[in-house]
Number of protein chains: 2
Amino acid sequence: MSTAHDALFRTLADPTRRALFERLCREGETTVGALTAQAGVSQPVVSKHLGVLKQAGLVRGRHEGRQTHYSAQLGALAPLIDWTSQMAGFWESRFDDLEDLLKRMGQ
Amino acid sequence: MSTAHDALFRTLADPTRRALFERLCREGETTVGALTAQAGVSQPVVSKHLGVLKQAGLVRGRHEGRQTHYSAQLGALAPLIDWTSQMAGFWESRFDDLEDLLKRMGQ
DNA sequence: CTCTCATATACCCCGCTGGCTATATGTCGA
DNA sequence: TCGACATATAGCCAGCGGGGTATATGAGAG
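As annotated in an unreviewed UniProt entry, chain A carries the name Helix-turn-helix transcriptional regulator and is attributed to Devosia nanyangense.

*Asks:* It is not clear to me how the packing of helix 2 (residues 15–27) of chain A against helix 3 (residues 32–39) of chain A should be interpreted in this structure. Could you clarify?
*Replies:* Helices that pack against each other are described as a pair by the angle of their axes relative to one another and the distance between those axes. Residues and elements named next belong to chain A. Here helix 2 crosses helix 3 at 125°, and the two axes come no closer than 11 Å. Taken as axis vectors, helix 2 and helix 3 run oblique relative to one another. Judged by the sense of rotation from one axis to the other, the crossing of helix 2 with helix 3 is right-handed. Taking contact as the criterion, the partners of Leu-20, Arg-23 and Leu-24 in helix 2 are, on helix 3, Ala-34, Leu-35, Gln-38 and Ala-39.

*Asks:* What's the story with the packing of aromatic side chains in this structure? I'm lost.
*Replies:* In this description, an aromatic ring pair is defined by two values, namely the gap between the centres and the angle between the planes. For the structure on display, the rule yields 5 aromatic pairs over all chains. Centroid distance Trp-83 of chain A to Phe-21 of chain B: 6.0 Å. Interplanar angle 35°. Geometry classified as tilted. Of this pair, Trp-83 of chain A sits in helix 5 (residues 78–106) while Phe-21 of chain B sits in helix 2 (residues 15–27), each in a different chain. Taking relative accessible area as the criterion, Trp-83 of chain A reaches 0% and is therefore assigned buried. Aromatic side chains Phe-9 of chain B and Trp-83 of chain B sit 5.0 Å apart centroid to centroid with 80° between the ring planes, which places their arrangement in the edge-to-face category. Of this pair, Phe-9 of chain B sits in helix 1 (residues 3–13) while Trp-83 of chain B sits in helix 5 (residues 78–106), and the two are 74 residues apart along the sequence. Residue Phe-9 of chain B shares its accessibility class with Trp-83 of chain B, and that shared class is buried.

*Asks:* What is the right way to read the protein's contact with DNA strand D from this model?
*Replies:* Of all residues adjacent to DNA strand D, which total 22 residues, the nearest are Gly-33, Gln-43, Ser-47 and Tyr-70 of chain A together with His-49 of chain B. Each atom of DNA strand D within 4 Å of the protein belongs either to a base or to sugar and phosphate, the latter forming 60%. One of the backbone nitrogen or oxygen atoms of Val-32 of chain A is found 3.3 Å away from a phosphate oxygen of DNA strand D. Between DNA strand D and the protein, one listed contact pairs a phosphate oxygen with a side-chain N or O atom of Thr-16 of chain B at 3.1 Å. Those elements giving two or more residues to the surface near DNA strand D turn out to be helix 3, helix 4 (43–55) and strand 3 (67–72) of chain A together with helix 2 and helix 4 (43–55) of chain B. Tallied by class, the residues present in the surface near DNA strand D amount to 6 nonpolar, 10 polar and 6 charged.

*Asks:* Would you take a moment to explain the interface of chain B and chain A for this structure?
*Replies:* Put simply, an interface is often sized by how much accessible area is lost when its parts join up. Across the contact, 28 residues belong to chain B and 28 residues belong to chain A. Asp-6 of chain B is the salt-bridge partner of Arg-18 of chain A, the closest N and O atoms lying 3.1 Å from each other. In this structure, the connection of chain B to chain A is made through 4 residue pairs in polar contact (both at pLDDT 80 or more). Mapped onto the side of chain B that touches chain A, the elements with two or more residues apiece are helix 1, helix 2 and helix 5 of chain B. When residues in the side of chain B that touches chain A are grouped by element, the largest group, 9 residues, is from helix 5 of chain B. Among the residues making up the side of chain B that touches chain A, the classes are represented as 17 nonpolar, 4 polar and 7 charged.

*Asks:* Whenever I open this one, the environment of Ala-19 of chain B confuses me. Can you help?
*Replies:* Residue and element names in this part refer to chain B. Within the element layout of this structure, Ala-19 appears in helix 2. Classification of Ala-19 as partly exposed rests on a relative accessible area of 36%. Along the chain, Ala-19 and Ala-39 lie 20 residues apart, while their C-alpha atoms are 7.9 Å from each other.

What counts as what
- Residues numbered from 1 in each chain as written.
- Chains lettered and ligands numbered in written order.
- Predicted model: local features only at pLDDT ≥ 70, side-chain atom pairs only at ≥ 80, totals over all residues.
- Heavy atoms only, no water.
- Axes fitted to C-alpha atoms, helices over the stretch in contact; angles between N-to-C directions.
- Helix = DSSP H or I, 4+ residues; strand = E, 2+ residues; numbered from the N terminus.
- Parallel < 35°, antiparallel > 145°, perpendicular 65-115°, else oblique.
- Left-handed = near helix turned anticlockwise from the far one by under 90°.
- Contact = heavy atoms within 4.5 Å.
- Phe/Tyr/Trp six-rings, centres within 6.5 Å; stacked < 30°, edge-to-face > 60°.
- Buried < 20%, exposed > 50% of the residue type's maximum accessible area, 1.4 Å probe, protein only.
- Near = heavy atom within 4 Å.
- Polar contact = N/O pair within 3.5 Å; in protein donor to acceptor, adjacent residues only side chain to side chain.
- Nonpolar A, V, L, I, M, F, W, Y, C, P; charged D, E, K, R; others polar.
- Salt bridge = Lys/Arg side-chain N within 4 Å of Asp/Glu carboxyl O.

Okay, structure coming up:
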């Protein structure tokens with residue numbers, strides 16, 4: 001059911017991982033080494049996080065020689081946007097119901 | 001400082017908790033008992049999750065007699081929306097940079 | 001005042017996951 | 001072919017957090 005949302009939220013819940021994704025959004029394609037340099041955690045940890053981001057579809061890896069360039073896949077955020085606007089939608093419709101109710105009460 | 005985003009993502013990362021929030025968005029004010037009935041977990045667990053949601057500002061509790069009515073606070077999703085559009089914005093601007101580059105190369 | 005019901009809190013358990021180090025894999029330069 | 005470098009994988013450990021049960025708190029009913 002909420003599998004897609006689940007993966008997204010769970011993946012983005014970790015600060016380190018989200019920071020990596022943010023950097024990739026801001027700076028575009030970046031190597032693991034460059035990411036590691038400012039991540040505040042060890043290189044293997046960065047690789048692991050990138051793996052998780054990749055599995056969630058949030059990130060894409062391109063091999064070039066002995067280094068890997070990662071880039072953000074913004075489209076993967078779509079389910080998150082959908083979910084948010086869906087929640088807002090429920091809210092709105094309930095508000096409309098309330099308006100209807102008040103209207104009917106007032107007449 | 002992604003503190004606000006952090007709390008939101010972390011809070012919404014758990015499926016059970018997110019389901020509770022979704023129900024509150026769909027159905028409006030609901031009692032703990034009603035929520036527990038369909039949550040698939042015990043009442044204390046529901047209370048705990050509601051506590052977390054409350055701390056994140058996603059939910060509000062209103063005492064009425066011996067029961068508590070919870071309702072979603074949709075405004076709390078704002079940072080999430082901001083974050084998402086910010087990421088999209090970075091993406092866009094990088095795309096613009098690329099366009100600029102291509103333009104300069106082409107002239 | 002007491003009993004019951006609705007919710008919250010306390011406490012424990014256990015699995016998941018993020019961090020680490022060590023090492024494997026793979027690529028470039030000499 | 002060999003060594004250095006870039007990244008990935010393996011294996012381990014500790015802490016966090018979600019689940020449970022037991023119980024406290026508090027409000028209505030009788």
